[in-house]
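Single-letter residue listing:
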Amino acid sequence: TTKATADGLGNVSYGKEEADTAPLDGSVITELDAMDDTLAGTFTIQVGSADAIELGALDAASSEQERLGQVVAAINAKTADTGVTAFLSTEDGSTYKLEVRSDSDEAVTFGAAFTAVTTGFDATDLNIDATTDVEEHKGIDKLDISTQAGAWDAIKQIDSAMDQVNAARGELGALQTRFEKTVENIDIMKENTTAARGRIVDADF
């Protein structure tokens, strides 16, 4: 049964991994153009045993921040095919957090290393293992759209809540139809019984 309350609707679950960059200081900006040849044809994402999907080469970037943004955009451009979504956030404008989420319970593997983006950051940090603890968010009363990831959660939870309400409406509609048919059958039985009684009472002995 559906718990049609704000804290009971909108159940979503996903596996996620995240990695922090070291503070960006511009020391690797000179490496950004060289990364284009490295990543071309090797920047892929694979979910479980499915074929790896090419995410494409990255254009030249003028800053480390732009390069991180390109990585996020490339992953999100294939979300419809992979079910994997990426988010980029920062609190101090220097250290960035790149987070990926998957709605599949299968392992997610990236086929490119981003070590050159900035010190201490590698795509393997973002690989989601099939045994990763699953996060579950339930209750549309706790939606938070102050961040990109939070807005994604909100959309997923609202979609889930609408599906739950629609399913409950379908179940209630089917139950109501059964009641209506039962009442109709009882009415017909009543009419038949009344007619039979009348024929018996009116019989000419």
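A short tour of the structure in this document, coming up. Position numbers for residues start from 1 in each chain and track the written sequence from start to end. Per-residue local features are limited, in this predicted model, to residues with pLDDT of at least 70; the limit for side-chain atom pairs, both in listing and counting, is 80 or more; totals at the level of whole chains, interfaces and linings are taken over all residues. Only hydrogens and water are set aside; all other atoms, that is, all heavy atoms of the structure, feed into the side-chain values.

### Thoughts on the environment of Asp122
Note the following rule: Numbering of helices and strands runs from the N terminus, with a helix taken as a DSSP run of H or I at least four residues long and a strand as a DSSP run of E at least two residues long.
Residue placement: Asp122 occurs in the loop between strand 6 (108-110) and strand 7 (134-137). With 103 residues separating them along the chain, Asp122 and Ala19 place their C-alpha atoms 7.9 Å apart.

### Examining the pattern of salt bridges
Note the cut-off: The salt bridge criterion pairs a side-chain nitrogen of Lys or Arg with a carboxyl oxygen of Asp or Glu, the two atoms within 4 Å. Exposed residues in this analysis have more than 50% of their type's maximum accessible area, buried residues have under 20%, and partly exposed residues fall in between, with area computed by a 1.4 Å probe over protein chains only.
Considering all chains together, one arrives at seven salt bridges under this definition. Residue Arg101 is joined to Asp153 by a salt bridge in which the shortest nitrogen-to-oxygen separation is 2.6 Å. Here Arg101, found in strand 5 (residues 96-102), pairs with Asp153, found in helix 4 (residues 148-201); they are 52 residues apart in sequence, far enough to count as distant. Exposure remark for Arg101: the relative accessible area of 5% places this residue in the buried category. Residue Lys142 pairs with Asp141 through a salt bridge whose shortest N-O separation is 3.4 Å.

### A look at helix 4
Put simply, the rule reads: Helix span, as expected, comes to 1.5 Å for every residue beyond the first. Any two residues whose heavy atoms approach within 4.5 Å at even a single point are treated as in contact.
Relative to the 80 Å expected for 54 residues at 1.5 Å per residue, helix 4 spans 79 Å between its end C-alpha atoms, a close match to the ideal helical length. Listing the buried residues of helix 4 in full gives Ala149, Gly150, Trp152, Asp153, Ala154, Gln157, Ser160, Ala161, Gln164 and Ala168. Where helix 4 is buried, its residues touch strand 1 (12-20), strand 4 (84-90), strand 5 and strand 7.

### Thoughts on the sheet that holds strand 4
Keep this limit in mind: Criterion used throughout: strands pair if DSSP finds at least two bridges between them. Only C-alpha atoms enter the line fits that serve as axes; for helices the fit covers just the stretch in contact. Angles between N-to-C directions range over 0 to 180 degrees.
Strand order in the open sheet formed by four strands is 4-5-1-7, with antiparallel pairing between adjacent strands. Only two strands of the sheet have a single partner each, and these edge strands are strand 4 and strand 7. Geometrically, the sheet is characterised by an average inter-axis angle of 35° between neighbouring strands, direction not taken into account. By the bridge criterion, four bridges tie strand 1 to strand 7 in an arrangement that is antiparallel. Bridge pairing in strand 7 places Gly15 opposite Val134. Its contacts with the sheet put helix 4 on strand 1, strand 4, strand 5 and strand 7, and the angle it makes with strand 4 is roughly 145°.

### Section: the sheet that holds strand 3 (residues 53-54)
Spatial ordering of the open sheet is given by 3-2-6, a layout of three strands whose pairing is antiparallel. Here the strands that pair on one side only, and so sit at the sheet edges, are strand 3 and strand 6. Bridge count between strand 2 (residues 44-47) and strand 6: three bridges; the pairing is antiparallel. Across the sheet, the residue bridging to Ile45 is Phe110, located in strand 6.

### Things to note about the nonpolar core
Side chains of nonpolar character tend, in soluble globular proteins, to be buried together. Heads up, the rule is: Working definition of a nonpolar core: buried Ala, Val, Leu, Ile, Met, Phe, Trp, Tyr and Cys residues. They are joined through side-chain atoms within 4.5 Å.
Counting 20 residues, the largest nonpolar core has Phe43, Ile75, Val84, Val100, Val108 and Phe110 as the members making the most contacts within it. Put simply, the parts of the chain that give this core at least two residues each are strand 2, helix 2 (64-76), strand 4, strand 5 and strand 6. When residues in this core are grouped by element, the largest group, four residues, is from helix 2.

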